[in-house]
Amino acid sequence: MNRGWDRQYGGFFYSLDPNKQPIDHDNNYWVVAEALSASALFARRTGQAEFKEWYGNVLAYASKNFMDHQHGGWYKLLNRENQK
């Protein structure tokens, strides 16, 4: 999660090259949803604060950028700057 998280705009890089540099800068909803689920699972199983913090950060990011609070559901794809 540390390697894939976009520290400038939030979200996760979809693909990294062999040198760990981003290839695709768009944000896919399912990558965020899987990170949310994984961080919740690891937080519960390990009790480690790091995973609880990741869960909170990813949830806040998803709520702010991906979740359509007016109509329900999530937007499928955002650009790096989190625009639809």
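Residues numbered from 1 in each chain as written. Predicted model: local features only at pLDDT ≥ 70, side-chain atom pairs only at ≥ 80, totals over all residues. Heavy atoms only, no water.

## Re the nonpolar core
Line of reasoning, step 1. One finds Trp5, Phe12, Val32, Trp54, Val58, Tyr61 and Phe66 to be the most contacted residues of the largest nonpolar core, which totals 13 residues.
Line of reasoning, step 2. When contributions to this core are tallied by element, the ones reaching two or more residues are helix 1 (29-46) and helix 2 (49-65).
Line of reasoning, step 3. Not counting residues up to four positions away in its chain, the partners in contact with tyrosine 61 are Trp5, Tyr9, Gly10, Gly11, Asn27, Val32, Phe66, Leu78 and Asn82. (Core = buried A, V, L, I, M, F, W, Y, C linked by side-chain atoms within 4.5 Å. Buried < 20%, exposed > 50% of the residue type's maximum accessible area, 1.4 Å probe, protein only. Helix = DSSP H or I, 4+ residues; strand = E, 2+ residues; numbered from the N terminus. Contact = heavy atoms within 4.5 Å.)

## Some words on unusual backbone geometry
Line of reasoning, step 1. Phi at lysine 20 is positive, roughly 70 degrees, even though this residue is not glycine.
Line of reasoning, step 2. Considering the arrangement of structural elements, one finds lysine 20 in the loop between strand 1 (15-16) and strand 2 (22-24).
Line of reasoning, step 3. Despite not being glycine, asparagine 82 has its phi angle at roughly 70 degrees, a positive value.
Line of reasoning, step 4. One can find asparagine 82 in the segment after strand 4 (77-78).
Line of reasoning, step 5. Here asparagine 82 falls in the buried class, since its relative accessible area comes to 15%.

## Points about the packing of aromatic side chains
Line of reasoning, step 1. This structure, assessed with the given rule, holds eight aromatic pairs.
Line of reasoning, step 2. Between tryptophan 5 and tryptophan 54, the aromatic rings sit 5.6 Å apart at their centres with planes inclined by 75 degrees, giving edge-to-face as the arrangement. Of this pair, tryptophan 5 sits in the segment before strand 1 while tryptophan 54 sits in helix 2, and the two are 49 residues apart along the sequence.
Line of reasoning, step 3. Classification of tryptophan 5 by relative accessible area gives buried; the value is 15%.
Line of reasoning, step 4. Here tryptophan 54 falls in the buried class, since its relative accessible area comes to 9%.
Line of reasoning, step 5. Measuring from ring centre to ring centre gives 5.6 Å for tyrosine 14 and tryptophan 30, while their planes differ by 85 degrees; the resulting arrangement is edge-to-face. Here the residue tyrosine 14 occupies a position in the segment before strand 1, and tryptophan 30 occupies one in helix 1, the gap between them amounting to 16 residues. (Phe/Tyr/Trp six-rings, centres within 6.5 Å; stacked < 30°, edge-to-face > 60°.)

## Quick look at a nonpolar patch on the surface
Line of reasoning, step 1. Together, Tyr14, Tyr29, Trp30 and Trp74 give the surface a local cluster of nonpolar side chains, amounting to about 390 Å² of exposed area.
Line of reasoning, step 2. By relative accessible area, which is 35% here, tryptophan 30 ends up partly exposed. (Patch = residues over 30% accessible without salt bridge, like charges linked within 9 Å, V, L, I, M, F, W, Y side chains within 5 Å. Areas by Shrake-Rupley, 256 points an atom, 1.4 Å probe, with all protein chains shown as cover. Salt bridge = Lys/Arg side-chain N within 4 Å of Asp/Glu carboxyl O.)

## Regarding the pattern of salt bridges
Line of reasoning, step 1. In total, this model carries one salt bridge according to the counting rule given.
Line of reasoning, step 2. Put simply, aspartate 6 and arginine 80 hold a salt bridge, and the shortest N to O gap is 2.6 Å. You can see aspartate 6 sitting in the segment before strand 1 and its partner arginine 80 sitting in the segment after strand 4, a full 74 residues away along the chain.
Line of reasoning, step 3. On the basis of relative accessibility, which here comes to 3%, the residue aspartate 6 falls in the buried class.

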